[in-house]
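# Structural overview
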Amino acid sequence: MTELQALIDDLRAEAQRDRDPEDTPEVGIVMGSDSDLDVMAGAYEALEELGFAELTDYDDPPEARFTFESYVVSAHRTPGLMYAYAETAEARGLDVIIAGAGGKSADLPNMTASLAYPLPVVGVPVQEKSVPSVIGMPTGAPIVAVDAGKSFNAGLSAVQMLAREHDRLRDALVDYHDDLQAGVADVSRRLHERGIDRFRDGAGE
């Protein structure tokens, strides 16, 4: 058996298991190539900032209440894996998928959205030239998408969807936003009090 077929079989087998929802990942992160990882890392960072941990073994989940998983899934090179991943996503416990792809034919996000429907999918165009492909879904086949390279925002959007049912996540989002506001206020005060020249020379740090 090839590694590809083993991955497909593992996904389909996992979909048949009856696991506690707290032991399955809420968010799935997929990308068309490992070369997309530097861009897609923003989604990981956002989720971890909000208290998520990465699940790498269903039989040994992390202690964190909320988790995410990650895979490389190519719409063009491994369509069978893409189908298996998207079609089993809901049965495996996922609530939302973040999908990123680059190039002019960045089909993974919208194909995943079609196959995983009605699960929501947040698309991430890895490059600027990927934007038309990712957002170009017909009426009746929705996808949520962020701007090119903005996978951190994709992570935040995924948590916003989950926060409607989980107060802990809503609180984490509010705390994160409050910290952003406090940071801007602090910089604003230091710029005003020290002046532009001193601030730019490093005195604002």
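Anything mentioned here points back to the structure above.
Residues numbered from 1 in each chain as written. Predicted model: local features only at pLDDT ≥ 70, side-chain atom pairs only at ≥ 80, totals over all residues. Heavy atoms only, no water.

## What about the pattern of salt bridges?
By the definition in use, this model includes 9 salt bridges. Asp59 serves as the salt-bridge partner of Arg19, at 3.0 Å between the closest nitrogen and oxygen. Placement of the pair is Arg19 in the loop between helix 1 (3–16) and strand 1 (27–31) and Asp59 in the loop between strand 2 (53–54) and strand 3 (67–72), with a sequence separation of 40 residues. Using a relative accessible area of 63% as the deciding quantity, one classes Asp59 as exposed. Residue Arg189 is joined to Glu193 by a salt bridge in which the shortest nitrogen-to-oxygen separation is 2.9 Å. In this pair, Arg189 and Glu193 are both assigned in helix 7 (residues 167–203), 4 residues apart and thus about one turn of the helix distant. Judged by relative accessible area, Arg189 falls into the exposed class, the value being 54%. (Salt bridge = Lys/Arg side-chain N within 4 Å of Asp/Glu carboxyl O. Helix = DSSP H or I, 4+ residues; strand = E, 2+ residues; numbered from the N terminus. Buried < 20%, exposed > 50% of the residue type's maximum accessible area, 1.4 Å probe, protein only.)

## Thoughts on helix 2 (residues 37–49)
Under the 1.5 Å per step criterion, the end-to-end length of helix 2 is 18 Å for 13 residues, consistent within 8% with the ideal 18 Å. Burial in helix 2 covers these residues: Met40, Gly42, Ala43, Tyr44, Ala46 and Leu47. Packed against the buried residues of helix 2 are strand 1, strand 2, strand 3, strand 4 (96–101), strand 5 (121–125) and helix 6 (151–163). Gly51 sits one or two positions beyond helix 2 and adopts a positive phi of about 100°. (Expected span 1.5 Å × (residues − 1). Contact = heavy atoms within 4.5 Å.)

## Observations concerning the nonpolar core
Of all hydrophobic cores here, the largest spans 27 residues; its most connected members are Val27, Ile29, Phe52 and Ile98. Within the residue set of this core, elements represented by two or more residues are strand 1, helix 2, strand 4, strand 5, helix 6 and helix 7. The leading source of residues in this core is helix 6, at 6 residues. Discounting chain neighbours no more than four positions away, the residues touching Phe52 are Glu26, Val27, Leu47, Phe66, Thr67, Phe68, Val159, Leu162 and Leu169. (Core = buried A, V, L, I, M, F, W, Y, C linked by side-chain atoms within 4.5 Å.)

## Examining the sheet that holds strand 3
The strand order 2-3-1-4-5-6 describes an open sheet built from 6 strands, whose pairing is parallel. Bordering the open sheet on either side are strand 2 and strand 6 (144–145), each of which pairs with just one other strand. (Pairing = 2+ DSSP bridges.)

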